[in-house]
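Spelled out, the chains give:
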Amino acid sequence: MSISVERGATAIVGAAESELGQVAAGYGPIDLMAQGVVRALDDCGLGLRDVDGIFCATTQARLAGLALAEYLGLPEAYIDSTSTGGSSFLGHVLKAQYAIASRACEVAVVAYGSTQRSLGRKNTSASERNPYESPFRPFLPPTAYALAAARHMYQFGTTREQLAQVAVAARRWALLNPKAWEKTPLTVEEVLSSRMVSYPLTVRDCCLVTDGGGALVLTSAARARNLKKPPVHVLGAAHVTTHLSISNMPDLTVTGARRSGELAYARAGIGPRDVDVVELYDAFTINTVLFLEDLGFCAKGEGGEFVAGGAIAPGGSLPVNTNGGGLSYCHPGMYGIFLLVEAVRQLRGECGARQVQDADIALVHGNGGVLSSQSTIVLGTAGTV
Amino acid sequence: MSAAAMSPYGTYLDYLKQGKLAYQFSPDAGRPVFFPRVVCPYTGSTRLEWRVSKGLGTVYSASTVFPRKGEPYNVSLVDCDEGFRLMSRVEGWPAEDVCIGMRVRFAVHVPPGGDDEDCYPVFVPASSPTDGGRA
């Protein structure tokens, strides 16, 4: 996609989570979306009647955009409920830029909700048979990521211990986040000795299964100037799809993040060295390794070594997944919205014990499917525009 | 039924029933196409030829799945020598010993249920067990 919008022309002005973890019985995904929306609106001082754009996705509603428009009473809102899996909400931000720039809407909400923990994973996602894969019973998504991890280990000598370090770093960040699901420390040994799910990934190499949702409010830079909180500008965004099913991924050690990162950096006019804080979709420990490489924070094949040195843990050289990530904070199935919420809070300096000092530029990277869709967004404070 | 009236998957399955692993070749792109489809993703051409693989390949990646109930089993991605990749499993070999780089040979799996279930391709070690089945 080559549509261009002016760098920084769109701003995220409100960000919030819904209830997380395990929500009360009877809550549905649209309840949590709406809860996120009202909280995100409250965060920026706008009201529901200001909203004229709805962007949302969930695996639990076939017509999610209609459901949220009905729920919020916004019959004339511009609607986009595209799903690219967990990266959907980054895609929504990408497209909200175009919608706002072309005046299709002025105030857009991006929302997600899931009750995956309460209902069980099987009851919240439709299973689609693929005649070229289903007979072999891959346990999806973990087996797809396990195949990528196994290939990375074979090609570059990456070890299970190095992958485990990703989970340990995420846990250390989570212990600084009062909203994180996990509350106790984690060691490399515990990751390695946990139940094996799909070799080489144990259950501790895999993300959590929680309920939860959240929302963002986006508007033009001009309108963003006089709202409650400092705006966070979209400096560059890009989306790349390399495949749907894992047997069609061209190279299991190189993701579409390489290209989406290049495009997003170019649009933002920055490079990896300019980034102060990084939020990556860590559905599995191998994701963090692959994305750090593909987004230029270390060379291809060196991701294992990079994370094993403690670089991404609190106190390391590169703050990554500062909320504790999908591995230790929250993961209701499509995690992308939470990456954006955390990046906004970091750039506003709202993160308390886990706050990254002087954070002006955040790199947010979302993943969807089985390393299938990759979305990269560079966000910056007003001073970076 | 004429070939033109058959779906890409239907044709593939027909070959499998005859014990053959078929794939498409795009003359315009000069490369194989898999999974079978109605248009070449490299050129946009609808001219796709069916070819039969020699059935030899190399394990590109492998995972052992540990179900909560039942025995662990192998899931592999196999690169066939003709230049296309597919998901399958390696049989006749301990699941946890299937390794990347292993040379494998195609075999057709015929489900015991008859026509209710489709055939699918599996692989077995290409060389004799004494040399470890490795390339």
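Here, the structure is the one placed above.
This structure is a prediction, so every number in the text was calculated from the model and none was measured.

## Notes on the interface of chain B and chain A
Contact residues are listed per partner, giving 27 residues for chain B and 26 residues for chain A. Counting each side, the surface lost to burial between chain B and chain A is near 2400 Å², with a carbon and sulfur contribution of 61%. A per-residue breakdown of the area chain B buries against chain A is headed by Tyr60(B), Met87(B) and Ile100(B), which together make up 26% of the total. At the boundary of chain B and chain A, one finds zero salt bridges. Inspection of the chain B/chain A interface yields 10 residue pairs in polar contact (both at pLDDT 80 or more).

## Quick notes on the layout of surface pockets
Gaps between atoms show up when a probe of the same size as a water molecule is rolled over them. Each pocket or cavity is described by its volume, and for the second largest pocket that value is around 380 Å³. Top element by residues in the lining of the second largest pocket is strand 2 (residues 31-33) of chain B. It accounts for three residues.

## Here we look at the sheet that holds strand 3 (residues 49-52) of chain B
Hydrogen bonds between backbone groups are what pair the strands of a sheet, and the pairing can be parallel or antiparallel. Residue and element names in this part refer to chain B. On the basis of which strands lie adjacent, the open sheet formed by three strands has the order 2-1-3 and antiparallel pairing. Among the strands making up the open sheet, the edge pair consists of strand 2 and strand 3. Neighbour-to-neighbour, the strand axes of this sheet turn through a mean angle of 45°, independent of strand direction. In terms of strand pairing, strand 1 (residues 22-26) meets strand 3 through four bridges, oriented antiparallel. Residue Gln 24 lies in a different strand from strand 3, and its bridge partner there is Trp 50.

## Description of the environment of Arg39(A)
Residues and elements named next belong to chain A. Looking at the element boundaries, Arg 39 is found in helix 1 (residues 29-44). Spatially, the C-alpha atoms of Arg 39 and Val 217 are 9.9 Å apart, while their sequence positions differ by 178 residues. The residues touching Arg 39, leaving out its near neighbours within four places in the chain, are Ala 16, Glu 17, Ser 18 and Glu 19. Polar side-chain contacts of Arg 39 include one of 2.5 Å to the side chain of Glu 19.

Thresholds applied
Residues numbered from 1 in each chain as written. Chains lettered and ligands numbered in written order. Predicted model: local features only at pLDDT ≥ 70, side-chain atom pairs only at ≥ 80, totals over all residues. Heavy atoms only, no water. Contact = heavy atoms within 4.5 Å. Buried area = accessible area lost by both parts, 1.4 Å probe. Salt bridge = Lys/Arg side-chain N within 4 Å of Asp/Glu carboxyl O. Polar contact = N/O pair within 3.5 Å; in protein donor to acceptor, adjacent residues only side chain to side chain. 1 Å grid on protein atoms, 1.4 Å probe; cavity = no way out; pocket = protein on both sides within 12 Å on 5 of 7 lines; lining within 4 Å. Points joined across faces, edges and corners; volume = space filled by probe spheres on them. Helix = DSSP H or I, 4+ residues; strand = E, 2+ residues; numbered from the N terminus. Pairing = 2+ DSSP bridges. Axes fitted to C-alpha atoms, helices over the stretch in contact; angles between N-to-C directions.

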